[in-house]
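Breakdown of the fold
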Amino acid sequence: MTLTMTIVAAIIVFVLTTLLAMVGIGAAFIIIPVYIWLGVALPEATAIALLLNGISMTFAAATNAKHKLIDFKIAVPITIVAALLTPFGAYATQFISKNSLLWFFTAFLIFAASMMIFYKTKQKDRIPNIRRDITLGSIVGAFAGFLSGLLGIGGGNFILPTLVGSGMEPKKASGTTSLVVAVPSLVGFFAKLKVANGHLNWTLLGFSVIASILGALLGASLMNAKMKSSQLKVVIGIVLYIVAFKMILGLI
């Protein structure tokens, strides 16, 4: 990849990370198809996207922790189980064809787009229950961790609505998700790096990391911007549908 294309990729990462940070989830699931369009190999694209996810969500989690928006009782079991299952997902990619992975990823994009546009958060009274939190956290963590390693995404689109659906207050669910996504994403990066035998474009990685950090910081500061998060989710959802449609055309 030329230096010009690397800079273009970094700019796109900056924009996407900024937008997704305003919503409260990682941008890996949309950065991967962008990298693929730019000619980056799938294993390399998923590895770098996981690292960017981990970095941006770490910044978000630190901010959310300061504002007491993380429920550690459920975040801890999700994080532990997800971190344990992520390497297995990354290892499984060696036994699945590239086309199959792309179909899986396309299906996830459609799911993510639908959640962005149609899912409406409804707060319910959530009675504390340690056994329920550990059970729910383990199930969610197992699915999100394996998915993270397999497809190179953080799983925030699955974790967030699940926590809200269990009755957690939306802002706290978003804060908890940021911590849960950060850890398996970083674990997944090292697992993917091993699978890819260390074959990464380090220049692209360096530019993208800087862009991701700046985007995460800007997205956090723009959280209270004029555009409502619901409007932003619709825009992102439409973009994801377009990305999924183009990937389907390429696959068939």
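For the structure, check the block above.
Counting restarts for each chain: residues are numbered from 1 in the order of the written sequence. A pLDDT threshold of at least 70 governs which residues receive local features in this predicted model, and a stricter bar of 80 or more applies before side-chain atom pairs are shown or counted, although totals over entire chains, interfaces and linings include all residues. Side-chain calculation: all heavy atoms of the structure are included, whereas hydrogens and water are not.

In summary, the pairing rule links any two rings of Phe, Tyr or Trp, Trp by its six-membered ring, whose centres are within 6.5 Å, and it sorts them by plane angle into stacked for under 30 degrees, edge-to-face for over 60 and tilted for everything else. Enumeration over the complete set of coordinates arrives at two aromatic pairs. Taking the centre distance of 5.2 Å and the plane angle of 70° together, the rings of Tyr 91 and Phe 95 count as edge-to-face. An angle of 65° between the planes, with centres 5.1 Å apart, marks the rings of Phe 189 and Phe 190 as edge-to-face. Accessible area is worked out with a 1.4 Å probe on protein chains only. A residue is then buried under 20% of its type maximum, exposed over 50%, and partly exposed in between. The class for Phe 189 is buried, based on a relative accessible area of 5%. Relative accessible area serves as the criterion here: at 55%, Phe 190 is assigned to the exposed category.

Quick look at the nonpolar core now. Definition used in this section: a nonpolar core is a set of buried Ala, Val, Leu, Ile, Met, Phe, Trp, Tyr and Cys residues joined via side-chain atoms within 4.5 Å. If you look at the biggest cluster of nonpolar residues, it comprises 67 residues, and the most contacted ones within it are Phe 29, Ile 31, Tyr 35, Leu 109, Leu 151 and Ile 153. Top contributing element to this core by residue count: helix α3 (residues 42–66), with 11 residues. When checking whether two residues touch, look at their non-hydrogen atoms; a contact exists if any pair is within 4.5 Å. Not counting residues up to four positions away in its chain, the partners in contact with Tyr 35 are Ala 9, Val 13, Val 40, Ala 45, Ile 48, Ala 49, Leu 52, Leu 204 and Ser 208. A run of H or I in DSSP becomes a helix once it reaches four residues, and a run of E becomes a strand once it reaches two; helices and strands are each numbered from the N terminus.

Okay, the packing of helix α2 (residues 28–37) against helix α5 (residues 98–118) next. Relative to each other, α2 and α5 sit at 135°, their axes nearing to 10 Å. As the angle between them shows, α2 and α5 are arranged oblique. Our pair here, α2 against α5, has a crossing hand that is left-handed. Across the interface between the two elements, Phe 29, Ile 32, Pro 33 and Ile 36 from α2 touch Leu 102, Phe 105, Phe 108, Leu 109, Ala 112 and Met 116 from α5. For helices, the axis comes from a line fit to the C-alpha atoms of the stretch in contact; other axes are also lines fit to C-alpha atoms, and the angle between any two N-to-C directions lies between 0 and 180 degrees. Working rule for angles: under 35 degrees goes down as roughly parallel, over 145 as roughly antiparallel, 65 to 115 as roughly perpendicular, anything else as oblique. Two helices cross in a left-handed way if the nearer one is turned anticlockwise from the farther one by less than a right angle. They cross in a right-handed way if the turn is clockwise.

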